[in-house]
Amino acid sequence: QAFHLSALQMGLISAFYFLADSILLYPVGYLLDRFSSYRLMILGMVLCIIGTFLVAFATNPWFLVLSRMLAGIAGAFCLLSILRLAASWFSAEHMAKITGVVITIGMLGGAISQAPLSYLILHFGWRSALFDVGVLGLVLLVAIVFLVKEAPLTNSHAPCDRKALGWQDFWGTLWSLMSSGKNWLIGFYICTMNLPLLVISGLFGTLMMVQAFGMTETQGSTISMMPFLGTIVGSSFWGFYSDYCQRRRRPMIFGAVVSLAILSWVVWGSSQSLWVMLILFFFLGFFSA
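Residues numbered from 1 in each chain as written. Predicted model: local features only at pLDDT ≥ 70, side-chain atom pairs only at ≥ 80, totals over all residues. Heavy atoms only, no water.

**Student:** I keep staring at the overall build of the protein chain and nothing clicks. Help me out?
**Tutor:** Secondary structure summary: the protein chain contains eleven helices and zero strands in total. What you see in the protein chain, going N to C, is helices and strands ordered as α-α-α-α-α-α-α-α-α-α-α. Taking 289 residues into account, the globule formula puts the C-alpha radius of gyration at 19 Å, and the protein chain, at 20 Å, falls close to it. The buried share of the protein chain, reckoned over its 289 residues, is 37%. Sequence separation of at least 24 residues holds for 82% of the intrachain contacts in the protein chain that already meet a minimum separation of 6. Element-wise, carbon and sulfur atoms account for 74% of the exposed surface of the protein chain, whose accessible area totals about 16900 Å². (Helix = DSSP H or I, 4+ residues; strand = E, 2+ residues; numbered from the N terminus. Rg over C-alpha atoms; globule rule 2.2 N^0.38 Å. Buried < 20%, exposed > 50% of the residue type's maximum accessible area, 1.4 Å probe, protein only. Contact = heavy atoms within 4.5 Å. Areas by Shrake-Rupley, 256 points an atom, 1.4 Å probe, with all protein chains shown as cover.)

Spelled out as structure tokens, the structure:
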């Protein structure tokens, strides 16, 4: 409303986040294998905070494009640096549950960005609300600076390799990854599993609930929050479960089938009550995890 954007324009601006994130994930991963996860995590947080303040003070849509790109770059740095740090502190046998805990904590941000943020926006205005989010980011940055530690080199399960920084090594490794059919299948699986969560919960969920199901904005944002809460529970559950039974493929197939059934019910089913939608969206997040 503030920038007179259509749904298409809103989707395009949001897409810059994923564009920047996708382009930089591999280069950032390459850097993380060779440089400090701690420093790159701080760099990512700084970019994310700048992007948030840019939105809060934006005067035209181009500020939104730039802020979404900065947030996407930050997303690549932050997620990978946390996982890289975890890989150096913990052995491979524990990585599924550790990744589950990381995603659980990360999804708290997604949950807070729905109903609680909607409440702040309705009562204090969107600029003030996003300014407060930026301030919260500064608090988290200070916490990271003082609390996060690199694993000791002598005890690290995945020490950095600061050798072979040439472009030939970069492109050679990239080609070996891209020439593997299994990597493409895994990527396609993750893409399709994340798609409904990112589109419904992250972008158009509240609008869909208001316009398609006749709910209030508060109810819509609460429903949009449920997949994040489901992912919070599901990430830890599936991480511990797959580590316990040492199987990865079976939970993936089961989660995909159930998620597809739930999504089909939401999209093509008859009008649902508030409680039914809350339950469906919670389990969509749980099984997508």
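So that's the structure; there's more coming.
**Student:** Mind showing me how you'd approach helix H5 (residues 115–124) here?
**Tutor:** One turn of an α-helix holds 3.6 residues; hence residues three or four places apart share an orientation. Of the residues making up H5, those classed as buried are Ala115, Leu117 and Ser118. On an axial view of H5, the arc spanned by its buried residues comes to 160 degrees, and they lie on one face. Elements in contact with the buried residues of H5: helix H4 (95–112), helix H6 (126–147) and helix H9 (217–245). Two residues or fewer past H5, Gly125 is found with a positive phi of approximately 90 degrees. (Arc of directions from axis to C-beta.)

**Student:** Quick question: what am I supposed to make of the nonpolar core here?
**Tutor:** For soluble globular proteins, nonpolar side chains are generally found buried alongside one another. Ranked by internal contacts, the top residues of the largest apolar core, which has 17 residues, are Met209, Met215, Ile223, Met277, Leu280 and Phe281. Those elements giving two or more residues to this core turn out to be helix H8 (181–213), H9, helix H10 (249–268) and helix H11 (274–288). Top element by residues in this core is H11. It accounts for seven residues. Counting ten residues, the second largest nonpolar core, distinct from the first, contains Ile42, Met45, Ile49 and Leu85. (Core = buried A, V, L, I, M, F, W, Y, C linked by side-chain atoms within 4.5 Å.)

**Student:** Teacher, can you tell me more about the side chain of Ser221 here?
**Tutor:** Topologically, Ser221 is positioned in helix H9. For Ser221, a relative accessible area of 1% corresponds to the buried category. Setting aside residues no more than four positions away along its own chain, Ser221 makes contact with Gln114, Ala115, Ser118 and Thr206.

**Student:** How should unusual backbone geometry be read in this particular structure?
**Tutor:** Most peptide bonds are trans, and most residues other than glycine sit at a negative phi. Positive phi, normally seen in glycine, also occurs at His4, with a value near 55 degrees. Within the secondary structure, His4 is located in the segment before helix H1 (7–32). Judged by its relative accessible area of 70%, His4 is exposed.

**Student:** Help me out: how do you make sense of the packing of H1 against helix H3 (residues 61–89) in this one?
**Tutor:** Any two packed helices are characterised by the angle at which their axes cross and by the distance between the axes. At a minimum axis distance of 7 Å, the contact between H1 and H3 shows a crossing angle of 35 degrees. Note on packing geometry: the crossing formed by H1 with H3 is right-handed. Partitioning the contact of H1 with H3 into residue classes produces 17 nonpolar, four polar and three charged. (Axes fitted to C-alpha atoms, helices over the stretch in contact; angles between N-to-C directions. Left-handed = near helix turned anticlockwise from the far one by under 90°. Nonpolar A, V, L, I, M, F, W, Y, C, P; charged D, E, K, R; others polar.)

**Student:** Sorry, what's going on with a nonpolar patch on the surface here?
**Tutor:** Side chains of Phe57, Phe131, Val135, Leu136, Val139 and Leu140 sit close together on the surface and give an oily, nonpolar patch of about 550 Å² of accessible area. Its place among the elements puts Leu136 in helix H6. (Patch = residues over 30% accessible without salt bridge, like charges linked within 9 Å, V, L, I, M, F, W, Y side chains within 5 Å. Salt bridge = Lys/Arg side-chain N within 4 Å of Asp/Glu carboxyl O.)

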